[in-house]
Amino acid sequence: MTMKGLVGLPLAAIFGFLGGIVSTRIQSVSAAASDTIRASRFELSSSSGKTVAEWGSDSQGRTSLKFFRTNQREAVSVGLTEDEAPFVNLFGRDGKVRITLFLDKEGKPLLGMGDGILEGRVLLGSILHDVPSSSDDDWGLLFRAPGLIHDFASIGVRSEGASRSGGISVRTSSGKTWSAP
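What you see is a predicted model; the values in this text were computed from it and never measured.

About the cut-offs
Residues numbered from 1 in each chain as written. Predicted model: local features only at pLDDT ≥ 70, side-chain atom pairs only at ≥ 80, totals over all residues. Heavy atoms only, no water. Salt bridge = Lys/Arg side-chain N within 4 Å of Asp/Glu carboxyl O. Buried < 20%, exposed > 50% of the residue type's maximum accessible area, 1.4 Å probe, protein only. Helix = DSSP H or I, 4+ residues; strand = E, 2+ residues; numbered from the N terminus. Pairing = 2+ DSSP bridges.

Visitor: Can you lay out the pattern of salt bridges for me, pointing to particular residues and giving the numbers?
Guide: Enumeration according to the criterion identifies 9 salt bridges in this entry. Here Arg62 ties to Asp58 by a salt bridge, and the two come within 3.0 Å at their closest N and O atoms. With respect to burial, Arg62 and Asp58 carry one shared label: buried. Between Asp115 and Arg121 there is a salt bridge; the shortest N-O distance is 2.6 Å. For Arg121, a relative accessible area of 23% puts it in the partly exposed group.

So, in structure tokens, the structure goes:
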């Protein structure tokens with residue numbers, strides 16, 4: 001056997017062995033990447049063990065991704081309602097919703113803002129009726145106050161069949177209403 005053969009044979013064996021190892025590792029990594037992980041809930045915890053985020057379904061049937069403050073109160077929630085309508089909620093430090101954005105069943109948006117007393121102080125977007133219908137097409141900006149049944153002030157467009165009309169309305173603290181038209 002020549003000198004080349006003596007050096008080449010062990011080198012070929014070593015490189016063949018290393019190639020087999022690399023090939024096996026690559027196949028096992030690609031097999032692991034294609035597997036599905038199934039769970040009903042995922043939690044992300046801080047180094048101190050507190051839950052800082054979770055992804056799953058809640059008791060109201062909403063699938064959401066939630067982020068928590070250090071006091072374990074919800075800060076942000078993004079997801080789908082039980083009717084599969086998307087939503088985003090931002091919470092105050094007291095745990096009450098301050099801003100909500102969602103799409104109704106028809107895909108029309110509504111942005112709501114509030115405080116610790118009333119979640120829906122200001123509403124902007126598609127105005128929902130007591131009995132929603134696919135023919136609803138009222139849009140506006142509403143201001144509400146605690147204890148009042150009707151809006152404190154509003155501006156918007158109302159639809160009745162094929163006709164549309166715009167309007168503005170303001171209610172005084174004594175209950176008198178000014179509106180136009």
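Visitor: Kindly report on the pairing of strand 3 (residues 63-68), identifying the contributing residues and their values.
Guide: What you see with strand 3 is a clean split: Ser64, Lys66 and Phe68 sit on the buried side and Thr63, Leu65 and Phe67 on the side with no burial. Counted between consecutive antiparallel strands, the loop separating strand 2 (residues 51-57) from strand 3 contains 5 residues, among which Gly61 sits at a positive phi close to 85°. Two elements, strand 3 and strand 4 (residues 74-80), share 6 bridges in a ladder whose sense is antiparallel. Bridging from a neighbouring strand, Thr63 pairs with Leu80 of strand 4.

Visitor: Can you explain the pairing of strand 11 (residues 163-171)? Please cite residues and give values.
Guide: Successive residues of a regular strand alternate their side chains across the two faces of the sheet. Relative to strand 11, strand 10 (residues 153-160) runs antiparallel, the two sharing 8 bridges. Paired with Arg158 across the bridge in strand 11 is Ser165. Here strand 10 folds back onto strand 11, and the loop between the two strands holds 2 residues, one of which, Gly161, carries a positive phi near 70°. Bridge analysis of strand 11 against strand 12 (residues 177-180) gives 4 bridges, and the strand direction is antiparallel. Bridge pairing links Arg171 to Thr177 in strand 12. Between strand 11 and strand 12, which follow one another and run antiparallel, lie 5 residues, and Gly175 among them has a positive phi close to 100°.

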